[in-house]
Amino acid sequence: MWLEILLASVLGFVIYWFVSRDKEETLPLGDGWWGPGARPTAPEDESIRPFKVETSDEEINDLHRRIEKVRLTPPLEDSRFHYGFNSNYLQKILSYWRTEFDWRKRVEVLNRYPHFKTKIEGLDIHFIHVKPPQLPAGRTPKPLLMVHGWPGSFYEFYNIIPLLTDPKNHGLSGEHVFEVICPSIPGYGFSEASSKKGLNSVATARIFYKLMLRLGFQEFYIQGGDWGSLICTNMAQLVPSHVKGLHLNMAFVLRNFYALTLFLGPRFRKLFGYTERDMELMYPLKEKMFYSLIRESGYMHIQSTKPDTVGCALNDSPVGLAAYILEKFSTWTNSEFRDLEDGGLERKFSLDDLLTIIMIYWTTGTIASSQRFYKENMGHSFLSDKHHRMKVHVPTGFAAFPCELLHTPEKWVRFKYPKLISYSYMARGGHFGAFEEPELLAQDICKFVGLVERQ
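Residues numbered from 1 in each chain as written. Predicted model: local features only at pLDDT ≥ 70, side-chain atom pairs only at ≥ 80, totals over all residues. Heavy atoms only, no water.

J.: I'm lost on the overall build of the protein chain in this one. Help?
T.: Each helix and strand counted, the protein chain has 19 helices and 9 strands in total. Its C-alpha radius of gyration of 22 Å places the protein chain within 12% of the 23 Å reference for a compact globule of 455 residues. Seen through its C-alpha atoms, the protein chain measures out along the principal axes to roughly 80 × 60 × 50 Å. The burial tally for the protein chain puts 56% of its 455 residues in the buried class. The contacts of the protein chain with a sequence gap of at least 6 include a subset with a gap of at least 24, amounting to 78%. Within the protein chain, one finds 53 positive and 52 negative side-chain charges whose respective centroids are separated by 5 Å. (Helix = DSSP H or I, 4+ residues; strand = E, 2+ residues; numbered from the N terminus. Rg over C-alpha atoms; globule rule 2.2 N^0.38 Å. Buried < 20%, exposed > 50% of the residue type's maximum accessible area, 1.4 Å probe, protein only. Contact = heavy atoms within 4.5 Å. Lys, Arg positive; Asp, Glu negative; His and termini not counted. Charge placed at Lys NZ, Arg CZ, Asp CG, Glu CD.)

J.: Where do I start with the packing of aromatic side chains in this structure?
T.: Geometrically, a pair of aromatic rings is defined through the distance of the ring centres and the angle of the planes. Scanning the entire structure with this criterion turns up 31 aromatic pairs. Ring plane angle 65 degrees and centroid distance 4.7 Å describe the contact between tyrosine 113 and tyrosine 158, whose orientation is recorded as edge-to-face. Taken together, the residues tyrosine 113 in the loop between α4 (103–110) and β2 (115–120) and tyrosine 158 in the loop between β4 (142–147) and α5 (161–165) connect sequence positions 45 residues apart. Of the two residues, tyrosine 113 and tyrosine 158, both sit in the buried class. Measuring from ring centre to ring centre gives 5.2 Å for tyrosine 423 and tyrosine 425, while their planes differ by 80 degrees; the resulting arrangement is edge-to-face. Residue tyrosine 425 is classed as partly exposed on the basis of its relative accessible area, which comes to 32%. Residue placement shows arginine 112 over the ring face of tyrosine 113; its charged tip is 5.8 Å from the ring centre. Directly above the aromatic system of tyrosine 324 lies the positively charged group of lysine 328, at a separation of 5.7 Å from the ring centroid. (Phe/Tyr/Trp six-rings, centres within 6.5 Å; stacked < 30°, edge-to-face > 60°. Lys NZ or Arg CZ within 6 Å of the ring centre and 35° of its normal.)

What follows is the structure, encoded as structure tokens:
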């Protein structure tokens, strides 16, 4: 019997090694057309046009009328944020939104950085492009593409941008200076939504790759969390020779052998390569992995199946939209915030910053189209697409924030990204790394780029 078990184990290992060995595959680049109707025969206009965020009295007055007519359901006693967004605290936010929040001033803040639009594959793609205010003679900045996720936007990067483009004047080392490009995912904010089914993370990666080429960059760094991490991963799979380095603060790595070791981790920690910090962040398993995933993934099931249904409600009600989105900025920042009456929102963010993100979705009417991204990526063949099975063969850095929804140990990341050269346990922070802890993330990006440049 022991011989049979030994032979079965060896055979299993050989099969596992064969299917998981590092094959340097690339995704086919392909092409697409996502605009309305048939693709025109004329070449696409590749001009890059300046863009400014604007507002009007009509837009603001309509918002105020809708807030004034709100109809809320009283929360259960002592429910805090365990049932979702607490309507008692929501009343405070609505009062601030209606009487103190100045959207015109926030529009000025948004226009602090240069905005642009350009047509790619039939869609008007919005992005901000921020160059260093000053550079020492003989130096050129490093191009860095930063990609947001849901329910975020390009605005998440506003506080990290000066740390990357002007580090010396913001208390950081001036060794690495970047020019930063932050696009909006199609169907998010000021980027036009697809008129056709199928615009997923791979198509978005190709669109953003074309954007970087159009801006004159043949080689560049890329960084992302949430959907941005998958889009950047796909870009590295599509055009690895153009990606100098990939930095992530989230990774889609569930499709690998190491996920099966979770149950045995406490007994065989060293065998599976788990550190003591990994154990702290993953166990007890029921609470930190399974219950957490069930508790925080309800929205995902809705958006991966019938996004337009809930999208109709949210697109018609700014109050509903705010509750739906801001609840994520509470418990995704720290799951323990669900125990607080105010969801801990103002511990990490200002109401002005949070409401600015809501207003980007509200004024552009893009909540439904942003939710469709889940349907396109997860509603058909989740984890079975080719890119989920492929490894990534560009230099990779990973920032593991302790309050991320699910912790990803270094072993898991390295399985998908064999050229992982930097893995950092971040001191604090959750899902919205750039928005919550811009200085920590900027330091980790610079550390990673330094390692790449010295290779």
